[in-house]
Amino acid sequence: MDYAIELQNVCKNYDNFKLDHVTMNVPKGSVVGFVGENGAGKTTTIKAILNLITVDSGKIQVFGQDHVEQEQAIKEQIGVVFDESCFHEQLTAPEIGKVMSKIYKEWQPREFDEFLRRFQLPAQKKIKEYSRGMKMKLSIAVAMSHKAKLLILDEATSGLDPIVRDEILELFLDFIQDEEHTILVSSHIISDLEKIADYIIFIHGGKILFQKNKDELLYEYGIIRCSEEQFRKLDPKLCISYRKNQFGYEVLTGKRKEIGKIYRDLVIDQADIENIILFYVKGVRL
Amino acid sequence: MSALLLKDFYSLRPYFKSFGIMYLIFIVCFLKTPEVLSSVMAVMSPMAVINTMSYDDYYHWNRYAKALPMGSRTIVKSKYILLVLLSAAMSAVAGVVGSVMSIVQNMAAEKLPVIWGGALGSVGIAILLYSFVLPLLYKFGVEKGRFIMIGLIGVLTASIYLLLSLKDKLTGFIPSEGQLKLLLYMSPLIILLIVWASYQISCKIFEKQGAD
């Protein structure tokens, strides 16, 4: 399998946080959802990939090349969108286009204009007059107007209303139709990832807890709802974590089918990604 | 790099408008002494560079710029180029305006050499001064850097004042006319070396900074 991004044992130490031997891969032609709670290390990992921070150890490759040695060539092919617009607000969208045309060798002015028209971004207005959604659409228009092969989106849809988010997700699905295109999207909005992601990478406390195919994740993981007596009989090797409530126990398992065959009287519901993350973070590990 | 200069010129448009009004006020103030105008303009115009750095900080532009195919050194270099361009352009404009003022007041013969000599010298001084300031701005940020810059200008002004007031006691240390001429001819090279050193320091500071 070809990978657009590969991280191997990447470490970065800060005073109160560290990326701890992060190993993850983003397959080419896929949409990878990068999830984790606030402060888990998503943005730090993305900064490491983009060489915005220097890692203490480990290896990072983008398109099969070292991310530092081939930095300029790699960045020509990456479209980046952060959680907020970084453009000077005295500029208009066409002026941003002129600036970007001098940065990217493969800048596509017609595509950019088409995005402005599609997103209904007024050409005469300065960016300071744009709403948050409009600013984000402009950032995405820029990211997708220079023949980028890889889109890296760091909380790009946070704070947007569902209609705008839906528009943007449609755009990403169009982008990914080309098998040479890849998207790495970090987001708290799990429903967005469930719509478009092929793979989910979960980071917690600077460590990668899992990297799985989304469909397999949803197929394999389940939540067992049981009494204390039933809970005591469960094989811990088949369970990941549990949460106790006033009604009994809720147990996360990564082997839903296997547990269903062994404990036929148990109620096992399919787990969604949000619950999986909650159980990993807030549950008691078995 | 031309992209970054274009971005900065676009974002400085409101600044140029208010600067233009201030310029007109200065013309009136220095009507009788047009040779001072170019000096004032040359030293003030690079403040626009500080404004662009302030905008970059406010909009988190540098984080985004570092993700673009440009390199940190290009981002820093653009500020130095902007400094030189603004100093030279403003000084040239001031020189032309000062020349017109002196011609109108029939003072051309005595004032023109002083006006243009002052304009050229002021460009050098502005570039030199801001070469010390820019690394401080990169290190401490624009807000703190402004105060440090004011302190630096204050120390420089106080030092010049002190030297002038003690000149009678320092006659043994005052350079001769020949030495001053040599210093003047070598000043472009000296300024170039200082700017180069300043650029290298700024690059090191900027590269080490994590993207915010």
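Residues numbered from 1 in each chain as written. Chains lettered and ligands numbered in written order. Predicted model: local features only at pLDDT ≥ 70, side-chain atom pairs only at ≥ 80, totals over all residues. Heavy atoms only, no water.

Within an unreviewed UniProt entry, the label attached to chain B reads ABC-2 transporter permease, and the organism entered is Diplocloster agilis.

In the annotation of an unreviewed UniProt entry, the entry for chain A reads ABC transporter ATP-binding protein, and the organism field reads Diplocloster agilis.

Caption draft 1: How the structure looks around the overall build of chain B. Along chain B, the regular secondary structure elements total eight helices and zero strands. Overall size of chain B, expressed as C-alpha extent along the three principal axes, is 55 × 45 × 30 Å. For chain B, the residues scored as buried account for 42% of the 212 residues in total. Of the roughly 11,400 Å² of accessible surface on chain B, 75% is carried by carbon and sulfur atoms. Of note, chain B has its 18 positive side-chain charges centred 5 Å away from the centre of its 10 negative side-chain charges. (Helix = DSSP H or I, 4+ residues; strand = E, 2+ residues; numbered from the N terminus. Buried < 20%, exposed > 50% of the residue type's maximum accessible area, 1.4 Å probe, protein only. Areas by Shrake-Rupley, 256 points an atom, 1.4 Å probe, with all protein chains shown as cover. Lys, Arg positive; Asp, Glu negative; His and termini not counted. Charge placed at Lys NZ, Arg CZ, Asp CG, Glu CD.)

Caption draft 2: Quick look at the interface of chain B and chain A. At the interface, 27 residues of chain B touch 27 residues of chain A. Together chain B and chain A conceal approximately 2,600 Å² of surface at their shared face, both sides included; 64% is due to carbon and sulfur atoms. Interface area lost by chain B to chain A is led by Y59, Y64 and P69 of chain B, which between them contribute 28%. Where chain B meets chain A, there are three salt bridges. A salt bridge links R63 of chain B to E84 of chain A, with the nearest nitrogen and oxygen atoms 3.6 Å apart. (Contact = heavy atoms within 4.5 Å. Buried area = accessible area lost by both parts, 1.4 Å probe. Salt bridge = Lys/Arg side-chain N within 4 Å of Asp/Glu carboxyl O.)

Caption draft 3: Representation of the UniProt feature "transmembrane region" (unreviewed entry) in chain B in the model. All names here are of chain B. Listed under "transmembrane region" (unreviewed entry) in the UniProt record, and renumbered for this structure, are residues 20–44, 80–103, 115–138, 145–162 and 182–199. The span residues 115–138 is 100% helix and 0% strand, and its two end C-alpha atoms sit 34 Å from each other. Structurally, residues 145–162 comprises 100% helix and 0% strand, and the distance from its first C-alpha atom to its last is 25 Å. (UniProt positions renumbered as here; feature names shortened; annotations may be inferred.)

Caption draft 4: Broad picture of the UniProt feature "domain: ABC transporter" (unreviewed entry) in chain A. Taking the UniProt record as the reference, the feature "domain: ABC transporter" (unreviewed entry) is found at residues 5–230 of chain A. Between the first and last C-alpha atoms of residues 5–230 of chain A the distance is 43 Å; the span itself is 34% helix and 28% strand.

Caption draft 5: Molecular detail of helix α3 (residues 93–101) of chain A. Where α3 of chain A is concerned, the buried positions are A93, E95, I96, G97, V99 and M100 of chain A. Lining the buried residues of α3 of chain A we find α4 (109–118) and α5 (132–143) of chain A together with α1 (2–11), α2 (13–29) and α5 (61–66) of chain B.

Caption draft 6: Broad picture of the packing of aromatic side chains. Residues and elements named next belong to chain A. Counted according to the given criterion, the structure contains 18 aromatic pairs over all chains. Each ring, one from Y104 and one from W107, has its centre 6.5 Å from the other, and the planes form 15 degrees; the classification is stacked. Given a relative accessible area of 9%, W107 falls into the buried group. Between Y242 and Y249 the ring centres are 5.7 Å apart and the planes differ by 50 degrees, which places this aromatic pair in the tilted class. (Phe/Tyr/Trp six-rings, centres within 6.5 Å; stacked < 30°, edge-to-face > 60°.)

Caption draft 7: A look at the environment of G121 of chain B. Residues and elements named next belong to chain B. With respect to the helices, strands and loops of the structure, G121 is situated in helix α7 (residues 108–165). Classification of G121 by relative accessible area gives partly exposed; the value is 34%. Sequence separation between G121 and S91 is 30 residues; the distance between their C-alpha atoms is 9.6 Å.

Caption draft 8: View of the packing of α2 of chain B against helix α6 (residues 72–104) of chain B. All names here are of chain B. In the contact formed by α2 and α6, the axes pass within 12 Å of each other and the chain directions differ by 35 degrees. For α2 against α6, the interelement crossing comes out right-handed. Where α2 approaches α6, its residues F16, F19, Y23 and I27 are matched on the opposing element by L86, M90, V93, A94, V97 and M101. Looking at the contact of α2 with α6 residue by residue, the classes come out as ten nonpolar, no polar and no charged. (Axes fitted to C-alpha atoms, helices over the stretch in contact; angles between N-to-C directions. Left-handed = near helix turned anticlockwise from the far one by under 90°. Nonpolar A, V, L, I, M, F, W, Y, C, P; charged D, E, K, R; others polar.)

Caption draft 9: Region of interest: the pairing of strand β8 (residues 182–186) of chain A. Residues and elements named next belong to chain A. The buried count for β8 comes to five of five residues, which makes it a mostly enclosed element. Burial along β8 is two-sided: T182, L184 and S186 and I183 and V185, pointing in opposite directions, are all buried. In terms of strand pairing, strand β3 (residues 31–35) meets β8 through four bridges, oriented parallel. Along β8, the bridge assignment pairs V31 with I183. Note that strand β7 (residues 150–154) and β8 share five bridges and pair parallel. By the bridge assignment, L150 is partnered in β8 with T182. (Pairing = 2+ DSSP bridges.)

Caption draft 10: View of the sheet that holds strand β12 (residues 239–245) of chain A. Residue and element names in this part refer to chain A. If you walk across this open sheet you meet the five strands as β14-β11-β13-β12-β15, and the pairing is antiparallel. Strands with a single pairing partner mark the edges of an open sheet, and in this sheet they are β14 (267–270) and β15 (284–285). Bridge count between strand β11 (residues 222–226) and β14: four bridges; the pairing is antiparallel. In the sheet register, I223 faces β14, and the bridge partner there is D269.

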